[in-house]
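Remarks on the overall topology
Residues per chain, in single letters:
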Amino acid sequence: MERPAAPESRPRRRDRHGRGLRGPLAPPQVPMSLSRSEMFDDYVRESVERLERRWPQLAEVEFAVQDVPGPLPGEPEPDPTDARADDVPLGRVIAAGQGRPDRIVVFRRPVETRAKGRDERAALVHEVVVEQVAELLGVDPDEIDPGPDAT
């Protein structure tokens, strides 16, 4: 005896034992429920907020997260065969122009591949943001954020 074919219009649901569909593992306000990219955005945001307290002129700077670095407009596409892991930038400063403010971009994937855990990733993001701000302002990175050991 053959089973009748299920109509294709209704979605298939998995409710194997009649206990209802599975819900989320964590409520939305818990960090576990954030995606990796959302957590990375939070690391950048926290780092920028920390630096803006000391450097109020950073309020005029745009900060962004991009997955991977790409060529700037007018820049030739790099040859992938001669690229090394050390050559991949972790961040970039894009100078102001044509009515837009200075912009600092942090590249998510290269940072994630260099950091092992959550704490290490947050520290590396802060280091990248500090280095890019130092480049933008033309000062030493230690002057931007002296770190916890400085008095």
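Scroll up a little and you will see the structure.
Predicted, not measured: the structure shown is a model, and the values here were computed from it.

**Topic: the pattern of salt bridges**
One pass over the structure, following the stated rule, counts six salt bridges. Residues aspartate 42 and arginine 45 are paired through a salt bridge, measuring 2.5 Å at the closest nitrogen-oxygen approach. Note that aspartate 42 and arginine 45 are positioned in helix α1 (residues 36–54) at a spacing of three residues, about one turn of the helix. Residue classification places aspartate 42 among the partly exposed residues on the basis of a relative accessible area of 26%. The partly exposed category is assigned to arginine 45, whose relative accessible area is 43%. In this structure, arginine 103 and glutamate 62 form a salt bridge, with 3.5 Å as the shortest nitrogen-oxygen distance. Placement of the pair is arginine 103 in strand β3 (residues 103–107) and glutamate 62 in strand β1 (residues 62–66), with a sequence separation of 41 residues.

**A few points about the nonpolar core**
Within the largest apolar cluster, 22 residues are counted, with the highest numbers of intra-cluster contacts made by Leu51, Val106, Val111, Val125, Val129, Val133 and Ile144. Taken together, the elements giving at least two residues each to this core come down to α1, β3 and α3 (118–137). When residues of this core are assigned to their parent elements, the largest contribution, seven residues, is made by α3. Contact partners of valine 111, with chain neighbours within four places excluded, come to Phe40, Leu90, Val106, Arg121, Leu124, Val125 and Val128.

**A short note on α3**
For α3, with 20 residues, the first-to-last C-alpha span of 29 Å sits near the 28 Å given by 1.5 Å per residue. Inspection of α3 places Arg121, Leu124, Val125, His126, Val128, Val129, Val130, Gln132, Val133 and Ala134 among the buried residues, and these make up the whole buried set. Residues of α3 that are buried make contact with α1, β1, β2 (91–94), β3, α2 (108–114) and α4 (141–144). Immediately downstream of α3, the backbone of glycine 138 shows phi near 70°, a positive value.

Reading guide: rules and limits
Residues numbered from 1 in each chain as written. Predicted model: local features only at pLDDT ≥ 70, side-chain atom pairs only at ≥ 80, totals over all residues. Heavy atoms only, no water. Salt bridge = Lys/Arg side-chain N within 4 Å of Asp/Glu carboxyl O. Helix = DSSP H or I, 4+ residues; strand = E, 2+ residues; numbered from the N terminus. Buried < 20%, exposed > 50% of the residue type's maximum accessible area, 1.4 Å probe, protein only. Core = buried A, V, L, I, M, F, W, Y, C linked by side-chain atoms within 4.5 Å. Contact = heavy atoms within 4.5 Å. Expected span 1.5 Å × (residues − 1).

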